[in-house]
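# Understanding the architecture of this molecule
What follows is the residue order along each chain.
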Amino acid sequence: MGTPKQIWTRALTPGTPVAEAAAITLDHRLANVIRLLSRAAHRRPGTPEAAKDVHGLRVATRRAAAALDVFRACLSPADTKRITKRLRAIRRAAGEARDLDVQLKIFERAASTASGPAKSALQRLARSTSQQRQDAHKPLASVSRNWPTGKLRKHWEKALKRLHPSDDRTLADAARDAVARAVDRVEQSAAADLRVIDNVHILRLKLKRLRYAMEAVGVCFGDVWKKRVEPRLVSAQDLLGEINDSHVLINRLAPASPASAAKSGRKVPGTLGLESLVRDQCEALARSHAAFLEQWGALAASGFLAQLRHELGVKRTAVAGADAPSPPAPGVPTTPTRILRPFGMIEHKPGALNGTHPPSDKGRRAPATRRRIAAIDVGTNSVRLIVAEAQPDGSYRILDDEKEITRLGRALNATGKLDAPSIEHTIVTIARMQSIAQGYGAAEIQVVGTAAAREAKNASVLEKQLKSRTGLDLKVISGEEEAMLAYRSAANAFDLAGAPGAVVDIGGGSTEIVLSAPVGAALAGSEVRRAGLGGGLIERVYTIPIGAVRLTDRFGGPEHCSGKRYEEMRAFIKQTLKEHVGRPPLIPQIIVGTGGTLTTLASMVLQKELGPSGDSLFSGGVQGLEVSRADLKHLLEYLRKLPVKERTRVPGLSSDRADIIIAGLAIVDGVLKRFGANRVRVHEGGIRDGILLSMVGPARDGSDGAVNPAKRDPMKAVRRFAKSCAYEAAHAKQVTTLALQIFDQLATQHARIHAESGVDFGSEQRLILEAAALLHDIGYLINYAQHHKHSYHLIVHADLPGLTTRQVQVIANIARYHRAAEPKIRHRAFALLSDQDRAIVRSLSGILRIADGLDRTHMQSVRSVGVRVDRNDAFFSVSSEREPAVDTWGAVRKSSLFKEAFGLVPHFEWVPILAPAPASPMVTTRGSGVLV
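Quick caveat, the model's predicted, so the values are computed rather than measured.

### Overview of the overall build of the protein
- Tallying secondary structure elements over the protein gives 35 helices and 14 strands in all.
- The 932 residues of the protein split such that 54% are buried.
- Expressed as a percentage of contacts within the protein between residues at least 6 apart in sequence, the contacts between residues at least 24 apart total 75%.
- Total accessible area computed for the protein in this model is approximately 40800 Å², and 53% of it derives from carbon and sulfur atoms.

### Things to note about the pattern of salt bridges
- Summed over all chains, the structure comprises 32 salt bridges.
- Between Arg 397 and Glu 389 there is a salt bridge; the shortest N-O distance is 3.3 Å.
- One network of salt bridges, with partners in common, ties together Arg 63, Arg 211 and Glu 215.

### Some details on the sheet that holds strand β14 (residues 905–912)
- On the basis of which strands lie adjacent, the open sheet formed by three strands has the order β12-β13-β14 and mixed pairing. The open sheet has two free edges, formed respectively by β12 (864–870) and β14, since each of these has just one partner strand. Sheet twist, expressed as the average angle between the axes of neighbouring strands with direction ignored, equals 20 degrees.

### Observations regarding helix α16 (residues 459–470)
- Taking 1.5 Å as the rise per residue, α16 with 12 residues should run 16 Å; its terminal C-alpha atoms sit 16 Å apart, in good agreement.
- Within α16 the residues assigned to the buried category are Ala 459, Leu 462, Leu 466 and Thr 470. Each buried residue of α16 lies within a common arc of 55 degrees when the element is viewed along its axis, so the set occupies one face. The outward face of α16, more than 90 degrees from its buried face, is lined by the exposed residues Lys 464 and Ser 468.
- Downstream of α16 by a residue or two, Gly 471 has a phi angle that is positive, lying close to 80 degrees.

### Observations concerning the packing of aromatic side chains
- Across all of its chains, the model carries five aromatic pairs by this definition.
- Between Phe 898 and Phe 902 the ring centres are 4.8 Å apart and the planes differ by 45 degrees, which places this aromatic pair in the tilted class. Placement of both Phe 898 and Phe 902 in helix α35 (residues 896–902) is noted, with a separation of four residues, approximately one turn of the helix.
- Residue classification places Phe 902 among the buried positions, given a relative accessible area of 0%.

### Describing the sheet that holds strand β4 (residues 444–449)
- If you walk across this open sheet you meet the five strands as β3-β2-β1-β4-β5, and the pairing is mixed. Every interior strand has two partners, whereas the edge strands, β3 (396–405) and β5 (474–476), have only one. Here the strands of the sheet are splayed against their neighbours by 20 degrees on average, with no regard to which way each runs.
- Of the pairings in the sheet, the one linking strand β1 (residues 372–378) to β4 comprises six bridges and is parallel in character. Among the inter-strand pairings, Val 378 is bridged to a residue of β4, identified as Gly 449.

### As for the side chain of Ser 510
- Here Ser 510 shows up in the loop between β6 (501–506) and β7 (511–517).
- Within polar-contact distance, the side chain of Ser 510 engages the side chain of Glu 512 at 2.8 Å.
- With near-sequence residues (within four places) excluded, Ser 510 lies in contact with Ala 451, Arg 454, Glu 482, Asp 505, Ile 544, Ile 546 and Gly 547.

### A few points about the nonpolar core
- Counting 66 residues, the largest nonpolar core has Phe 71, Phe 292 and Trp 296 as the members making the most contacts within it.
- Every element with two or more residues in this core is listed here: α2 (18–42), α3 (48–70), α4 (77–113), α7 (171–190), α8 (197–216), α9 (222–253), α11 (271–301) and α14 (420–439).
- No other element matches the 10 residues that α7 contributes to this core.
- Here Phe 292 is in contact with Leu 194, Val 200, Leu 203, Ala 236, Leu 239, Leu 240, Ile 243 and Gly 297, once residues within four sequence places are set aside.

### Brief notes about helix α30 (residues 787–796)
- Counted residue by residue, α30 has seven buried out of 10 residues, so it is predominantly covered.
- Regarding α30, the residues found buried are His 787, His 788, Ser 791, Tyr 792, Leu 794, Ile 795 and Val 796.
- On its buried face, α30 is in contact with α26 (715–724), α29 (763–775), α31 (805–816) and α32 (828–831).

Calculation notes
- Residues numbered from 1 in each chain as written.
- Predicted model: local features only at pLDDT ≥ 70, side-chain atom pairs only at ≥ 80, totals over all residues.
- Heavy atoms only, no water.
- Helix = DSSP H or I, 4+ residues; strand = E, 2+ residues; numbered from the N terminus.
- Buried < 20%, exposed > 50% of the residue type's maximum accessible area, 1.4 Å probe, protein only.
- Contact = heavy atoms within 4.5 Å.
- Areas by Shrake-Rupley, 256 points an atom, 1.4 Å probe, with all protein chains shown as cover.
- Salt bridge = Lys/Arg side-chain N within 4 Å of Asp/Glu carboxyl O.
- Pairing = 2+ DSSP bridges.
- Axes fitted to C-alpha atoms, helices over the stretch in contact; angles between N-to-C directions.
- Expected span 1.5 Å × (residues − 1).
- Arc of directions from axis to C-beta.
- Phe/Tyr/Trp six-rings, centres within 6.5 Å; stacked < 30°, edge-to-face > 60°.
- Polar contact = N/O pair within 3.5 Å; in protein donor to acceptor, adjacent residues only side chain to side chain.
- Core = buried A, V, L, I, M, F, W, Y, C linked by side-chain atoms within 4.5 Å.

Below you can see the structure in the form of structure tokens.
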């Protein structure tokens, strides 16, 4: 009879109808999954047989999923989704058990050759891994118990009975389509930067899908598959498997480093042996990675995938949608006629990526007309990227923003050095961010290191490895430079020239504080400097060696520093600030805070204020939000009572910051107390923003290179956003002009109107009205119906530098109420505003409605509007050449909100503008000298 595989293979030929081939193939693949699931679930964990079955089960699920992809046209979408979901659950359960099997062998092998404390540590780690493997086996048993093999087979058989033929296609037709899709996916992944481990992992999965898809339809390709393609794919997958195993193990070992031991307050004897093992695995990862790049480079140079297409007779998929490969990431080239040489094999020229010239590989997107730049901030806790496009006025437009927690400085407090896993994680992260920046055509990429890189004894290791693997130079800046970059960013967002101010940047390893005095008010003996971009005169720059990560490590980890050692940590912060700051030379009237701790604090406070009802109403931005010290202290006490895992459930607090948030907030509280301040204003920018501003170069005012604060115009961003929404410029500008005319004339009668409306007619309110008027109709971009609501959502989620989060929310509400329903407390977005801001929305929406009504015809007939208030009446004089009957009708129709907000009854009258008489032809009577 032969084996089931032989019977299955003989049953299929290239001419087999596709539905029949699907039934045979899928049934065979499922049988393997059910058989191995049943066996693996009942094996005793730890035996060679169990390990073999677990590994086989994971492969079987991938093969079954590949077969589903090949024959998906024959299955209903619902059946495909349901089966895929169950296969994924089985594969994940098997995957964890298999990884632990591999790691256990490595630990046991390392322990057998080690001695002394290292041997003891490795043996303990092996025992721990063995126990974890026992626990990882439970999900398999659970899956087997919850999905009995008979029930699973029954469900599968029902799906097979619902198979429907796809025209008159054969197995050969399905094979060509499936392999074409799989090759497309491989080419897409190969076009990425394969020096980045994450990109290699993606390619590994795509190669597996290609291999298992071809296995399912191998009968259609004969010797080409068995002798030419399969051996190459197997060889590449072996190297990729080694890379994956090393990478998983390195991440597994990272928590066992000395820094982690110090953080948790536990002593782990023999950690030297674990560090040695980490180093060995990092070297193994580097070797496997280099070998794969060499092998894949050779395959690519030979045009392997292009030849594969040709020999198998498969073409590139051309249909958009599910059958087509997903579009490449920005900057990733496509390959119309041949396989691309992987980016990881491109000869790198040092300086080309870090200097002023764009990457030289021709496949990437050509640089945009405007210069594109990128800044990477390598901090103690995280690595952050920002990609931007420089604007002629010295500003920039953000194109992309990325962040990853790498905890580069986690071992710094215990050892004074950066540990190997953190260095590796950081370099991989920077390389990934470099690829993103290159994809946008960034002509210059600056990488800046702060406290961890500044203080580590082995920082040169990070610098050298980063340079060799990416070509990027790490610029390690001093604490003062870091402080000035943060100040530059804050001064670009807020006016710090008119009053004493302080900018506080709290990082993972250090805190920087810059004190500034108003322009022209420097203290005697101070070191007077201009920070540029409208800042004040710099009085003091403090670099203080306390940061969220450093303090958490110093005081026993996240649980101890928030518990029994919390008061000790507070006393240490107080003493450190006293030593470095002493008695401040000035008392700041405004304190601006930057860094992840501050933005997280603001996010938690905002989420608490909004509550569940505020979900999706606001963008989540916290720019300009002011947080009181009382709110900060209440939040600190609340978080201290929660275990670290429970903190991740607090709205606004991300899981990657939950363990260090107590130390960070304690620093904020200490700084506010030292400066006698009760509030801090949050700035979402920071060092990256300061770097970009330095790269762009400030717009000049002809004095000392600083931008005059009066010339910083948030409306530039508003106008730019309006254009991007394809707004009707003529109408929007007309409405804005009329609204501001009404506002300015009401402002002259401020006392009478303020008493009724409770709204000041100041510069901020005027700016808000101008922005709302210009943007009120941008919702047309989505649809005319409900366009006022679409305008609200577009504005709330817009990037409008120069405006605070609160101002953006008020502007969005005013635009939302330019038509249709008037503001009501039952409207969630309106109800979430403060009482003062609700009054502003009602009053300015009333003005905007009248201005919008005065251009009801969209013909800009009204030249100007005058307003005169007399007791309880407001008389609007509408000036135009011809009677604007429709426009005044539109204004009357939309005037009820104005009447309610201001307590004034509006009246409209037309004031004709006499059009100049047409010029008569000048005729000179010959000889008379008289002009007729």
